[in-house]
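# Structure assessment
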Amino acid sequence: MSYTLIAAMDNNQLIGADGDLPWRLPKDLQLFKQHTLGKKILMGRKTCESLPGPLPGRKNYVLSRSNFSRDGFICINNSNYLDYLNEEVMVIGGAGIYQLFLPKATAMILTFINHEFSGDTYFPQWETELWQEKNAQHYLPDDKNNYEFWVRKYIKISS
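As a starting point, this report considers the structure included with it. (Residues numbered from 1 in each chain as written. Predicted model: local features only at pLDDT ≥ 70, side-chain atom pairs only at ≥ 80, totals over all residues. Heavy atoms only, no water.)

## Concerning unusual backbone geometry
Of the consecutive residues G93 and G94, the connecting peptide bond is found in the cis state with omega at 5°. Of note, G94 is situated in the loop between strand 6 (88-93) and helix 3 (95-101). Its identity is not glycine, yet D18 carries a phi of approximately 50°, on the positive side. Relative to the helices and strands, D18 resides in the loop between strand 2 (14-16) and helix 1 (26-36). Given the relative accessible area of 73%, D18 is considered exposed. (Helix = DSSP H or I, 4+ residues; strand = E, 2+ residues; numbered from the N terminus. Buried < 20%, exposed > 50% of the residue type's maximum accessible area, 1.4 Å probe, protein only.)

This is the structure we're talking about:
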C-alpha cells in the first residue's frame, strides 16, 4: 500500500480559495490527469463537493467524518479502510486530508507556482529532510498558462 500526495501550491503553500483553485493552469491539470488516471484517488468531502462529478477513469474515494454520500464516489469514514487496498492511492486534498496522510505518504508530486495568490487553504508544513527530490520539470508561462511553475516528485527517505 502506498500513498502519493499530489497538490499544486503558490509561493506561500496556498492550495485553495473558497473551495476552488485560485489559478488556472491547464498544463498542470493535464499533468494531474496523467499522474492519476487509472488509479484510486482520495479526497475529503469539501474537495468532493467542489468537483462537478467523479473524475473519469479513476476510482473516486471520499473520506468524511459524516455520513456523506454522492453518486459516483465511494464514501468511507475510516482512513484505515484504504490500508487494505493493495495498490497506490493518490491523495488529492484538501488540507485536512493532506495533513492526515502526510505521515503515511511514500511519495509526493507537488506543483510549485511562482506567484502569490489570495485564498484560505494551505498545504501542511512538511519536514523536507525526510524527503528526497527524484525529478523536477520546469514550465514557463505561455499563451494558456500565465504562471511559471515546477512539478517536483519527492520520495520519502527510509529511516
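## Some thoughts on the side chain of T47
Within the element layout of this structure, T47 appears in helix 2 (residues 45-50). Its relative accessible area of 18% is what places T47 among the buried residues. Among all residues touching T47, those that are not within four sequence positions of it are I92, G93 and G94. (Contact = heavy atoms within 4.5 Å.)

## Describing helix 1
Within the span of helix 1, buried status applies to D28, L31, F32 and T36. Projected down its long axis, helix 1 carries its buried residues within an arc of 125°, all on one side. Summarising the contacts, the buried residues of helix 1 are in contact with strand 1 (2-9), strand 3 (40-44), strand 6, strand 7 (107-113), strand 9 (131-139) and strand 10 (149-156). One or two residues past the end of helix 1 sits G38, with phi positive at roughly 80°. (Arc of directions from axis to C-beta.)

## Quick look at the sheet that holds strand 9
Read across the sheet, 8 strands follow the order 5-4-3-6-1-7-10-9 without closing on themselves; strand pairing throughout is mixed. Sheet topology places strand 5 (74-76) and strand 9 at the edges, where each strand pairs with a single neighbour. On average, adjacent strands in this sheet sit at an angle of 20° to one another, irrespective of strand direction. For strand 3 and strand 6, the ladder comprises 4 bridges, and the chain directions are parallel. Bridge pairing in strand 6 links K40 to V89. Those strands touched by helix 1 are strand 1, strand 3, strand 6, strand 7, strand 9 and strand 10, and its axis lies near 25° from that of strand 10. (Pairing = 2+ DSSP bridges. Axes fitted to C-alpha atoms, helices over the stretch in contact; angles between N-to-C directions.)

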